[in-house]
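Commentary on secondary and tertiary structure
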Amino acid sequence: MDVKFNMKGMVYGICLIIFILAGFIILPKMFGEDIKAVDYVIVQRDSIPDKILDMMDDYIDQERALATIIDGKVYVIVTRGQNEEYGIDVEKINLQDKDGKQVMIVEAVYKEKEDAYPFVVLETNMESLPDKIELNQKFQGQNNSK
């Protein structure tokens, strides 16, 4: 049996394999969003730093998410605003790069008043504050943002 080696076909095959592999590596980075989850721990009421408790009077009536650094730790504070029928809980926190800026996206859930608090303080694993914070809320049992 005489086997012929086709050099031209071999080069085309290798080029095709390289293009396919490059597509699997490069295309997701071009079109996919770079989203990173932020690890956090809910701070118990008796462990909330005094500096946060002092500033809560200014923000407790507003529906927002804030971040601050105290003693080298980044804390995220989420408030429910004037909606006294519900409490608030945090579902997840993500970091995303948008237009060269680091944006923190806080996903909050309004829950029955007995199951949640008017504000939540979270201690994160972040080392610096984000450039911007977005708060996305939804009511318990719904999948759409408010």
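Below, the structure is looked at part by part. All values reported here derive from a predicted model rather than from experimental measurement.

As a further point, take the side chain of Asn 94. Relative to the elements of secondary structure, Asn 94 occurs in strand 5 (residues 86-98). Look past the residues within four positions of Asn 94 in its chain and what remains in contact with it is Ile 35, Lys 36, Ala 37, Val 38, Val 103, Met 104 and Ile 105.

Further remarks concern the pattern of salt bridges. Overall, the coordinates contain 5 salt bridges when judged by the stated rule. One salt bridge in this structure joins Lys 111 and Asp 89, with 3.1 Å as the shortest N-O distance. Separated by 22 residues along the polypeptide, Lys 111 in strand 6 (residues 101-112) and Asp 89 in strand 5 bring together distant segments of the chain. Residue class for Asp 89 comes out partly exposed when judged on its relative accessible area of 21%. Between Lys 138 and Glu 91 there is a salt bridge; the shortest N-O distance is 3.2 Å. Of this pair, Lys 138 sits in strand 8 (residues 132-139) while Glu 91 is found in strand 5, placing the two residues 47 residues apart along the sequence. Residue Lys 138 is classed as buried on the basis of its relative accessible area, which comes to 16%. Relative accessible area serves as the criterion here: at 41%, Glu 91 is assigned to the partly exposed category. Three or more residues joined by partner-sharing salt bridges are found here, namely Lys 98, Lys 132 and Glu 134.

Judged by pairing direction, the sheet is mixed, and its 4 strands sit side by side in the order 1-5-6-8 without closing on themselves. The open sheet is flanked by strand 1 (35-37) and strand 8, the only strands paired with a single partner. The mean angle between the axes of side-by-side strands here comes to 30°, regardless of whether they run parallel or antiparallel. The pairing of strand 5 with strand 6 spans 12 bridges and is antiparallel. Residue pairing for strand 6: Gln 96 is matched across the bridge by Val 103.

Here the focus is the environment of Glu 85. Along the polypeptide, Glu 85 turns up in the loop between strand 4 (73-80) and strand 5. Residues Glu 85 and Glu 112 lie 27 residues apart in sequence; the distance between their C-alpha atoms is 7.3 Å.

Reading guide: rules and limits
- Residues numbered from 1 in each chain as written.
- Predicted model: local features only at pLDDT ≥ 70, side-chain atom pairs only at ≥ 80, totals over all residues.
- Heavy atoms only, no water.
- Helix = DSSP H or I, 4+ residues; strand = E, 2+ residues; numbered from the N terminus.
- Contact = heavy atoms within 4.5 Å.
- Salt bridge = Lys/Arg side-chain N within 4 Å of Asp/Glu carboxyl O.
- Buried < 20%, exposed > 50% of the residue type's maximum accessible area, 1.4 Å probe, protein only.
- Pairing = 2+ DSSP bridges.
- Axes fitted to C-alpha atoms, helices over the stretch in contact; angles between N-to-C directions.

Take it as geometry only, folks, not as evidence of what the structure does.
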